[in-house]
Amino acid sequence: MNPPAHTTLADRKPNRLLKESSPYLQQHAYNPVNWYPWGEEALTKAKQEEKPILVSIGYAACHWCHVMEKQSFENQKIADVMNEHFVCIKVDREERPDVDAVYMDAVHAMGMQGGWPLNVFLTSEAKPFYGGTYFAPQQWVQLLQNIANAYTQNRTELHETAEQFVEHLNISDLERYGLKPNGQQATEESLQQLYFNLSKRFDRERGGFAPAPKFPMPTNYLFLLRYYTYTQDKTALAHINLSLREMAFGGLYDQVGGGFARYAVAADWLVPHFEKMLYDNAQLITLYAEAYQVCRLPLYKQVVYEIIAFVERELMSDAYGFYSSLDADSEGEEGRYYTFTKDELHRILKDEEPLFCKYYNATAAGNFEHGRNILHRTQTDEAFARENELELEVLQEMVKTWKKKLMQARARRIRPGLDDKILCSWNALMLKALADAYYVFGEKHFLDLALKNVVFLFEELREGNKLCHTYKNGKATVDGFLEDYALLISALLRLYEVTFNEEWLQQARHFTDYTISHFQDAADGLFFFTDKTSEKLIARKKELFDNVIPSSNSVMAINLHQLGLYFDAETYEQAAATMLNTITPLLLKEPSHLSNWAILYFNKLSPTAEVAIVGKQVPQFREELSAFYLPNMLLMGSTYKSKLPLLADKTPVDGKTTIYVCYNKTCQLPVTSPAEALKQLQSSKQENKFPAL
């Protein structure tokens, strides 16, 4: 990595971050700040010199992280103040989510709003006493001087404050919210309450959830899809379709190259923060694939295919690992790579530019900075074709040609920065997404990508039953976190359902047993975020709330529920039930922050269908069944005798491929066609549902 072009020869000496693998840390390698990575060297230095610590946390695609770096961390005078008074530590939050979670919680405890960049001041013992997010240069240098003076003159008081924050950090969320197992069972009345509380935040005009900024939050809609199938509540379905259409038509979605940005700044989904994250796009593949099963809208299929093409083209390594993100900025401007002026569009498209601009709502004035246009749609292809007297097929061919020409034009631009570290947890989300897409659409290429990715993960980020969190430059580092195990287990379970290769189930079980022994808190049954053998921070946290990524505990609870059924393991099922039961009182009040838990609640409302296929036509029968949306179903199959409990005593009837539909280990009459099995499944569904609201 080269120093910035504007530096002089005397400024070119790099700091310690040059040797780090994280692209975010390397971005700061030529700052005049004497940055350290998080680790023993920096923490020991602070203790020995009795200096306060400044820990600054961000990530490579973070726009305001770049702004603060340019304004403050590249400023020699400001850097001198930082170097004189503090041990300065840079942290990539994606590489060390454990460190980020502890100090983000501390800032919240201080009454501040969190976000990135996150800047937290610690005692020499790494205990927090003040923090915030972005600071303008003058404000920042004044704060540095004030903190330095206070640490010299009022150190005892600051240490007392820090101790109080550490006490707060070590109070679990269960204790904070008064949560404990209560014996409460899932009921239809509670499901309605859960939905009602979630629906209060619906933006019924533009979709999504109010207020802005708007994040995609896929698990909210995955729950709503399940709620709709159970209740046939048309209001729920309408909100799903409104939201998914508005997201796909808006500037949040890259209309040219596919893929979603991280969030939209306003209610209309038009202006995004342009960074593209692997975790968002992976989960949105799953969401749009499931929504397609329910609604059969071609737009949803198109989005799935385009996201996968984007990820394969721009976020996949030669070894089939998936990179983390693309930056929002290029050429010093946010969104420049993705936006166009009307003149640029005319040069690219010539006579077709007016129709293109009508389709994508581009104008001479622009709708973004510097007269540039964020392309977005307001009409379906069918409506636009009618309005402009075009055959639908002709319009769609024109759109494909436009996209190809604009992609060629973008290829000549300076690309946004790529964060090319490979994270186990985010790759697991993408692995599951590819398996989900294959399950719904039967596109063999999606399965091929999934199988190549899982081989990469097992070869590069696994040591026995132990996982590493991050991989770059041929080296895996950082002990795996609960999210790595939970999300990989979830992906392996889905991979089994689309291949019926029992190796994936066995691997999921091995990882589960490791997780139970290394992460679970025997006192309450929930799981810590960090391995008991990993570095000890000032607090060991449990992740309960679902955010842009579902909480590792909610994912783990669903895994345990499914594995308990697959392996007839009562201990797994009971563990899942206890976890859900503990969370339920809070879930019913705050479903928008616990929507992945809500999916497990839905699964517990009625027995999970256990569907076993045996015989020579297992793949074909699986494919026929997977065309239908059956969210509370475990699918298994074998062309040979299996040792799985749910397959062990099941054989083909009269030599024909046979399907067994079972609930609570009790099977209905075996049938020899997917259509008959579907009737049995739908009959059971009718028995369990309640009238639409």
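Residue indices follow the written sequence of each chain, beginning from 1 at its first position. Predicted model: local features are reported for residues with pLDDT of at least 70 only, side-chain atom pairs are reported and counted for 80 or more only, and whole-chain, interface and lining totals are derived from all residues. No hydrogens and no water enter the side-chain calculation; it runs on all heavy atoms of the structure.

Whenever I open this one, the packing of aromatic side chains confuses me. Can you help?
Given two aromatic rings, one states the distance between the centres and the angle between the planes to describe the pair. The aromatic pairing rule takes the rings of Phe, Tyr and Trp, using the six-membered ring of Trp, and pairs them if the centres are within 6.5 Å, calling planes under 30 degrees apart stacked, those over 60 edge-to-face and the rest tilted. Tallied over the full model, the rule gives 41 aromatic pairs. Seen from their ring centres, Tyr230 and Phe602 are 6.1 Å apart, and the 85 degrees between their planes marks the pair as edge-to-face. With Tyr230 in helix α10 (residues 218-231) and Phe602 in helix α24 (residues 595-605), the pair connects residues that are 372 residues apart, well separated along the chain. When sorted by exposure, Tyr230 lands in the same class as Phe602, which is buried. Taken together, the ring pairs connect Trp35, Phe73, Phe86, Phe121, Phe135 and Trp140 into an aromatic cluster. When the ring centre of Phe567 is taken as reference, the NZ or CZ atom of Arg509 above it lies at 4.4 Å. A cation sits over an aromatic face here: Lys650 above Tyr660, 6.0 Å from the ring centre. Going along the chain from the N terminus, every DSSP run of H or I of four or more residues is numbered as a helix, and every run of E of two or more is numbered as a strand. The classification of residues rests on relative accessible area computed with a 1.4 Å probe and restricted to protein chains. Under 20% of the type maximum is buried, over 50% is exposed, and intermediate values are partly exposed. In this scheme, the term charge over a ring applies when either NZ of a lysine or CZ of an arginine sits within 6 Å of the ring centre and within 35 degrees of the ring normal.

How do you make sense of the sheet that holds strand β12 (residues 418-419) when you look at a structure like this?
By way of backbone hydrogen bonds, the strands of a sheet pair with one another, either parallel or antiparallel. In spatial order, the strands read β8-β9-β12; together these three strands make up an open sheet with antiparallel pairing. The two strands at the open ends of the sheet, each matched to only one other strand, are β8 (276-277) and β12. Two strands qualify as a pair provided DSSP detects at least 2 bridges between them. Judged from the two bridges that link them, β8 and strand β9 (residues 325-326) form a sheet pairing that is antiparallel. What sits directly across from Met277, in β9, is Ser325.

Explain the side chain of Thr512 to me, please; I cannot follow it from the model alone.
Here Thr512 is to be found in helix α21 (residues 502-519). Counted as a polar contact is a pair of N or O atoms within 3.5 Å, where, for protein atoms, one must be capable of donating a hydrogen and the other of accepting one, and residues adjacent in sequence contribute only when both atoms are in side chains. At 2.7 Å, the side chain of Thr512 forms a polar contact with the backbone oxygen of Ala508. Note on contacts: a residue pair qualifies if any of its non-hydrogen atoms lie within 4.5 Å across the two residues. Here Thr512 is in contact with Ile489, Met556, Leu560, Leu563 and Tyr572, once residues within four sequence places are set aside.

Would you explain the nonpolar core in this entry?
Proteins that are soluble and globular tend to have nonpolar side chains buried together. Throughout this description, the term nonpolar core refers to a set of buried Ala, Val, Leu, Ile, Met, Phe, Trp, Tyr and Cys residues connected via side-chain atoms within 4.5 Å. Among the nonpolar cores identified, the biggest contains 201 residues, and Met82, Trp140 and Tyr288 are the most heavily contacted of them. Among the elements that line this core, the one with the most residues is helix α18 (residues 424-441), at 14 residues. Not counting the four nearest positions on each side in its chain, Tyr288 is found in contact with Leu244, Met247, Ala248, Phe260, Tyr300, Val303 and Val304.

Help me understand the packing of helix α19 (residues 444-460) against α21 in this model?
Helix-helix packing: each pair is described by the crossing angle between the helix axes and the interaxial distance. Fitted lines through C-alpha atoms serve as axes, helices being fitted only where they are in contact, and the angles separating the N-to-C directions of these axes extend from 0 to 180 degrees. Here α19 crosses α21 at 35 degrees, and the two axes come no closer than 14 Å. As α19 runs across α21, the sense of the crossing is left-handed. Mapping the contact onto sequence places Leu451, Val454 and Phe458 in α19 and Trp504, Gln507 and Phe511 in α21. Three categories are distinguished: nonpolar for Ala, Val, Leu, Ile, Met, Phe, Trp, Tyr, Cys and Pro, charged for Asp, Glu, Lys and Arg, and polar for the others, with Gly belonging to the last. When grouped by side-chain class, the residues that make up the contact of α19 with α21 number five nonpolar, one polar and no charged. Take the far helix as the reference: if the near one is turned anticlockwise from it by less than a right angle, the crossing is left-handed, and if turned clockwise, right-handed.

Looking at this structure, how should I read the sheet that holds strand β20 (residues 666-667)?
What the four strands build is an open sheet, ordered β18-β17-β19-β20; its pairing is mixed. For this open sheet the edge positions go to β18 (633-638) and β20, each flanked by a neighbour on one side alone. The pairing of strand β17 (residues 609-614) with strand β19 (residues 658-663) spans six bridges and is antiparallel. Bridging from a neighbouring strand, Glu610 pairs with Cys662 of β19. Taken strand by strand, helix α22 (residues 552-566) contacts β17 and β18, and its axis lies near 40 degrees from that of β18. Its contacts with the sheet place helix α25 (residues 618-625) against β17, β18 and β19, and it is angled at close to 145 degrees to β17.

Even after reading the chapter, I still don't get the state of the cysteines, so can you show me in this structure?
Two cysteines joined by a covalent bond between their sulfur atoms form a disulfide. To count as a disulfide, a pair of cysteine sulfur atoms needs to be within 2.5 Å. Here the structure, examined in full by the defined rule, presents two disulfides. Between the sulfur of Cys62 and that of Cys65 lies a disulfide, 2.3 Å long from S to S. Looking down the S-S bond of the Cys62 and Cys65 bridge, the torsion is 80 degrees, so its handedness is right-handed. Cys65 shares its class with Cys62; the two are buried. Between the sulfur of Cys662 and that of Cys667 lies a disulfide, 2.0 Å long from S to S. Where Cys662 bonds to Cys667 through sulfur, the torsion about that S-S bond is close to 90 degrees, and the disulfide is right-handed.

Help me understand the pattern of salt bridges in this model?
Side-chain pairs of opposite charge can arise whenever the charged atoms involved come near each other. When a carboxyl oxygen of Asp or Glu is within 4 Å of a side-chain nitrogen of Lys or Arg, the pair counts as a salt bridge. Summed over all chains, the structure comprises 40 salt bridges. In this structure, Lys214 and Asp203 form a salt bridge, with 2.8 Å as the shortest nitrogen-oxygen distance. With a gap of 11 residues between them, Lys214 in the loop between α9 (188-199) and α10 and Asp203 in the loop between α9 and α10 connect regions that are remote in the sequence. Side by side, Lys214 and Asp203 carry an identical accessibility label, which is buried. Among the salt bridges present, the one from Lys444 reaches Asp448, with a minimum N-O distance of 3.0 Å. You can see Lys444 and its partner Asp448 sitting in helix α19, four residues apart, about one turn around the helix.

Explain the packing of α9 against helix α23 (residues 570-589) here, please?
Their axes nearest at 7 Å, the elements α9 and α23 cross at an angle of 45 degrees. For the element pair α9 / α23, the angle class is oblique. In this structure, α9 uses Ser190, Gln193, Leu194 and Asn197 to contact α23, whose residues at the interface are Leu587, Leu588 and Lys589. In terms of residue class, the contact of α9 with α23 is built from three nonpolar, three polar and one charged. Angle categories are assigned with fixed cut-offs, so that under 35 degrees is roughly parallel, over 145 is roughly antiparallel, 65 to 115 is roughly perpendicular, and the rest are oblique.

I'm lost on the pairing of β17 in this one. Help?
Every regular strand shows the same layout, with side chains that alternate between the two sheet faces. Most of β17 sits out of view: six of its six residues are buried. Going residue by residue along β17, you find Ala609, Val611 and Ile613 tucked away on one face and Glu610, Ala612 and Val614 tucked away on the opposite face as well. As paired strands, β17 and β18 are joined by six bridges and run parallel to one another. If you follow Glu610 over to β18, its bridge partner there is Leu634. Whether a crossover is right-handed comes down to one check: with the strands pointing away from the viewer, does the path from the first strand over the helix to the second run clockwise; if it does, it is right-handed. For the crossover from β17 across α25 to β18, the handedness is right-handed.

Whenever I open this one, unusual backbone geometry confuses me. Can you help?
At the junction of Ala210 and Pro211, the peptide bond is cis and its omega measures out at -5 degrees in the coordinates. Here Pro211 lies in the loop between α9 and α10. For the peptide bond that leads from Ala212 to Pro213, omega is 0 degrees, which places it in the cis range. Structurally, Pro213 is set in the loop between α9 and α10. The backbone phi angle of Tyr320 is positive, close to 75 degrees, even though this residue is not glycine. Mapped onto the elements of the fold, Tyr320 is located in the loop between α13 (298-314) and β9. A positive phi angle, near 55 degrees, is found at Phe500, a position not held by glycine. With respect to the element layout, Phe500 can be found in the loop between α20 (482-499) and α21. Note on Phe500: relative accessible area 9%, which makes it buried.

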